[in-house]
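# Chain and residue survey
Below are the chains, spelled out letter by letter.
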Amino acid sequence: QVQLVESGGGLVQDGGSLRPSCAVSGSTFSIGGIGWYRQAPGKQRALAAAINSGGSRNYADSVKGRFTISRDNAKNTVYLQMNSLTPEDTAVYYCAARPSWKNDYVYWGQGTQVTVSS
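This section reports on the structure supplied with the text. (Residues numbered from 1 in each chain as written. Predicted model: local features only at pLDDT ≥ 70, side-chain atom pairs only at ≥ 80, totals over all residues. Heavy atoms only, no water.)

### Things to note about the pattern of salt bridges
- Within this structure, the stated rule accounts for 3 salt bridges.
- Across the salt bridge formed by R38 and D89, the nearest N and O atoms sit 2.8 Å from each other. One end of the pair, R38, is in strand 4 (residues 31–39); the other, D89, is in the loop between strand 8 (77–82) and strand 9 (91–99), and 51 residues separate them in sequence. Each member of the pair, R38 as well as D89, carries the same accessibility label: buried.
- Ionic pairing is found between R66 and D89, a salt bridge with its closest N-O pair at 2.8 Å. Of the two residues, R66 sits in the loop between strand 6 (57–59) and strand 7 (67–72) while D89 sits in the loop between strand 8 and strand 9, which places them 23 residues apart along the sequence. One exposure class covers both R66 and D89, and it is buried.
- One continuous salt-bridge network, built from bridges that share partners, spans R38, R66 and D89. (Salt bridge = Lys/Arg side-chain N within 4 Å of Asp/Glu carboxyl O. Helix = DSSP H or I, 4+ residues; strand = E, 2+ residues; numbered from the N terminus. Buried < 20%, exposed > 50% of the residue type's maximum accessible area, 1.4 Å probe, protein only.)

Structural data, given as structure tokens:
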């Protein structure tokens, strides 16, 4: 069992920055990666950024160069630094955990709302 709790969303102006956090607990030894998904109004949930147990990172093209995913292993926390935000980034952002033996993200947090005003 893995538990994920997101925090740090909110309202930000066009061009601003935000850094949501994902606190991870439970059977953390079994986690192969942590991803940040987002779901904009009327759209499917999509992976924005991910970091695996070895520290490698990948990003969706839409956020590459603006978002940085990082982790603090001592705090069991993953962060998503979001810079140069635009209204197209408005979405509910979800933290998700991938078991080390699977390609799918199985465990999900409750989500945190990010709204970028124009």
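Still more to cover.
### Considering the sheet that holds strand 3 (residues 21–26)
- With antiparallel pairing, 4 strands are arranged side by side in an open sheet as 1-3-8-7. Two strands bound the open sheet, and with one partner strand each, they are strand 1 (2–7) and strand 7. Recorded for the sheet is a direction-independent mean angle of 20 degrees between the axes of neighbouring strands.
- Pairing of strand 7 with strand 8 involves 6 bridges; the strand directions are antiparallel. In the sheet register, D72 faces strand 8, and the bridge partner there is T77. (Pairing = 2+ DSSP bridges. Axes fitted to C-alpha atoms, helices over the stretch in contact; angles between N-to-C directions.)

### A closer look at the pairing of strand 8
- Judged by how many residues are buried, strand 8 sits mostly within the fold: 5 of 6 residues are covered.
- Once strand 7 ends, the chain turns through 4 residues before running back antiparallel as strand 8, passing N76 with a positive phi of about 50 degrees.

### Let's talk about unusual backbone geometry
- Even without being a glycine, N76 presents a positive backbone phi close to 50 degrees.
- Its place among the elements puts N76 in the loop between strand 7 and strand 8.
- The partly exposed category is assigned to N76, whose relative accessible area is 39%.

### Some details on the environment of P99
- Here P99 lies in strand 9.
- Counting along the chain gives 70 residues from P99 to F29, while the straight-line C-alpha distance between them is 9.2 Å.
- Ignoring sequence-local partners within four residues, the contact set of P99 consists of S30, G32, D104, V106 and Y107. (Contact = heavy atoms within 4.5 Å.)

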